[in-house]
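Here is what each chain is made of, one letter per residue.
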Amino acid sequence: MIDLRSDTVTRPTQAMLNAMIQAETGDDVYGDDPTVNKLEAEAARLSGKAAALFLPTGTQANLVALLCHCQRGEEYIVGQLAHNYKYEAGGAAVLGSIQPQPIAAAADGTLPLDVVAQYIKPDDVHFAITRLLSLENTHNGKVLPVEYLQQAWTFTRERNLALHIDGARIFNAAVALQVPLEALARYSDTLTICLSKGLGTPVGSLLCGSEEFIRRARRWRKMTGGGMRQAGILAAAGLYALEHNVARLKDDHDNAAWLAEALRDIGVDVTRCDTNMVFLRLPEAQVTTLGPWMQERGILISPGAITRLVTHLDVNREALQQLVSQWQAFLATQ
Ligand SMILES: *Cc1c(COP(=O)(O)O)cnc(C)c1O
């Protein structure tokens, strides 16, 4: 199957599986798993933070970060379409009594700081206490400009807010900008990173921050059920990914750009292409027919009001060529 629904669909390669099989393990809840410790140290080094924590999912990593930053009755300012507002089942509100204050993102994926300023609550008994600004990089494939990150950093220092980056795909941003992770991470107090998207591991996310923050995060991870035992077999996949699968994200970006052009050439209404994501608009009648038609031909996509195609390490140029020729054949039947 050629699967363009998401970059979460990647499967571990033989080389990654070999690294997992050979991993040294121990009980990570006791801090005894050398491979997890190595992965956490590597994440801290790459992000320029003092410490890092390995968690099963990005959702849990964001939740734990929010639980650390905000107490009950406090709030975080976040994008209306941000993953840790819209797509994490309201976890911060349900489990932390933390109020989200969503605001609309600008076209470039940033949260305009003048708007953020308007939503910071005054110190008044009527209001939740605003604690945190949460950004997402990349946001729906969009790379936040470094200049904006700098401004957001300065702004949050002035306004006494913490700054969290949901960096599920932050390595896509770093590769697109040709900068090391640390050059983006330095404008945050904490950040999360997904290993299981474009980096290709089966499982795993990281939360990076100060020593003290990660110490507290470790307790929240345990409480939310993320304390794993011989997790070294999973951490080994993460270490393998950080070594071998970061620079190659450029291939995914190049493939997405190629795909956007090729689809435009056959008359598809491609609305934008950013990093590893292509967005397009289908004529109403094709929304329900294109998916099944492709599936019969071994191609998985999820057509909708807006259709998103995501490139990743399991789709090469040849697979994309197949997709384009099948799409052209489909259009000929319309
Ligand atoms: C996928 C994703 C997450 C959550 O990751 P899971 O491992 O699926 O829980 C968080 N934020 C963003 C922006 C994501 O794309």
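Residues numbered from 1 in each chain as written. Predicted model: local features only at pLDDT ≥ 70, side-chain atom pairs only at ≥ 80, totals over all residues. Heavy atoms only, no water.

Caption draft 1: Inspection of the sheet that holds strand β5 (residues 129-136) at higher detail. The sheet built from 7 strands is open, its strands ordered β2-β8-β7-β6-β5-β3-β4 with mixed pairing. This sheet does not close on itself; its edge strands, each paired only once, are β2 (51-55) and β4 (99-103). Direction aside, the axes of adjacent strands within the sheet are offset by 20° on average. Packing against the sheet, helix α7 (residues 146-158) makes contact with β5 and β6 (162-167), and its axis sits at approximately 145° to β6. Together, β2, β7 (190-194) and β8 (205-209) form the strand contacts of helix α10 (residues 211-223), whose direction differs from that of β2 by roughly 20°. (Pairing = 2+ DSSP bridges. Helix = DSSP H or I, 4+ residues; strand = E, 2+ residues; numbered from the N terminus. Axes fitted to C-alpha atoms, helices over the stretch in contact; angles between N-to-C directions. Contact = heavy atoms within 4.5 Å.)

Caption draft 2: Layout of the UniProt feature "modified residue: N6-(pyridoxal phosphate)lysine" (unreviewed entry) in the chain. Mapped onto this numbering, the UniProt entry annotates "modified residue: N6-(pyridoxal phosphate)lysine" (unreviewed entry) at Lys 197. Mapped onto the fold, Lys 197 is located in the loop between β7 and β8. Among all residues touching Lys 197, those that are not within four sequence positions of it are Asp 7, Thr 8, Thr 10, Ala 168 and Arg 169. (UniProt positions renumbered as here; feature names shortened; annotations may be inferred.)

Caption draft 3: Just the environment of Ser 134, in detail. Mapping Ser 134 onto the fold places it in strand β5. Take Ser 134: its relative accessible area is 2%, and that puts it in the buried class. The residues touching Ser 134, leaving out its near neighbours within four places in the chain, are Tyr 76, Ile 77, Val 78, Gly 79, Asn 84, Leu 111 and His 164. Among the polar contacts made by the side chain of Ser 134, one reaches the side chain of Asn 84 at a distance of 2.9 Å. (Buried < 20%, exposed > 50% of the residue type's maximum accessible area, 1.4 Å probe, protein only. Polar contact = N/O pair within 3.5 Å; in protein donor to acceptor, adjacent residues only side chain to side chain.)

Caption draft 4: Quick peek at the UniProt feature "domain: Aromatic amino acid beta-eliminating lyase/threonine aldolase" (unreviewed entry) in the chain. As annotated by UniProt and renumbered to match this structure, "domain: Aromatic amino acid beta-eliminating lyase/threonine aldolase" (unreviewed entry) occupies residues 3-282. Between the C-alpha atoms that bound residues 3-282 there is a distance of 19 Å. The span itself is 43% helix and 19% strand.

Caption draft 5: Up close: the nonpolar core. Formed by 50 residues in total, the largest nonpolar core has its most connected members in Phe 54 and Leu 135. For this core, the element with the most residues is helix α11 (residues 232-244), which contributes 7 residues. Beyond its immediate chain neighbours, meaning those up to four positions away, Leu 135 contacts Leu 111, Leu 144, Tyr 148, Leu 149, Ala 152, Leu 163, His 164, Ile 165 and Asp 166. Of all hydrophobic cores here, the second largest spans 26 residues; its members include Ala 260, Ala 262, Leu 282 and Ile 301. (Core = buried A, V, L, I, M, F, W, Y, C linked by side-chain atoms within 4.5 Å.)

Caption draft 6: Broad picture of the pattern of salt bridges. With the rule as written, the count across this model stands at 17 salt bridges. Across the pair Asp 7 and Arg 169 runs a salt bridge whose closest N-O atoms are separated by 2.8 Å. Of the two residues, Asp 7 is situated in the loop between β1 (2-3) and α1 (14-21) and Arg 169 in the loop between β6 and α8 (170-177); the sequence distance between them amounts to 162 residues. A single burial state applies to Asp 7 and to Arg 169, both of which are buried. For the salt bridge of Glu 40 with Arg 218, the shortest nitrogen-to-oxygen distance reads 3.2 Å. Taken as a pair, Glu 40 in helix α2 (residues 34-47) and Arg 218 in helix α10 lie far apart in primary sequence, 178 residues in all. (Salt bridge = Lys/Arg side-chain N within 4 Å of Asp/Glu carboxyl O.)

Caption draft 7: Layout of the site of the ligand. The local shell around the ligand consists of Thr 57, Gly 58, Thr 59, Asn 62, His 83, Glu 88, Glu 136, Asp 166, Ala 168, Arg 169, Cys 194 and Lys 197. A distance of 2.6 Å separates an oxygen atom of the ligand from a polar side-chain atom of Thr 59. Within the side chain of Arg 169, an N or O atom sits 3.1 Å from an oxygen atom of the ligand. Bound to the protein, the ligand loses 84% of the 380 Å² it would expose on its own. Considering every element that reaches the shell around the ligand, the biggest residue donor is helix α3 (residues 58-69), with 3 residues. Taken together, the residues of the shell around the ligand break down into 2 nonpolar, 5 polar and 5 charged. (Near = heavy atom within 4 Å. Areas by Shrake-Rupley, 256 points an atom, 1.4 Å probe, with all protein chains shown as cover. Nonpolar A, V, L, I, M, F, W, Y, C, P; charged D, E, K, R; others polar.)

Caption draft 8: Just the side chain of Asn 276, in detail. Tracing the chain through its elements places Asn 276 in the loop between β9 (269-274) and β10 (277-281). We classify Asn 276 as buried; its relative accessible area is 0%. Among the polar contacts made by the side chain of Asn 276, one reaches the side chain of Asp 7 at a distance of 2.9 Å. When sequence neighbours within four positions are dropped, the list of residues in contact with Asn 276 reads Asp 7, Arg 169, Asn 172, Asp 252, His 253, Ala 256, Leu 309, Val 310 and Thr 311.

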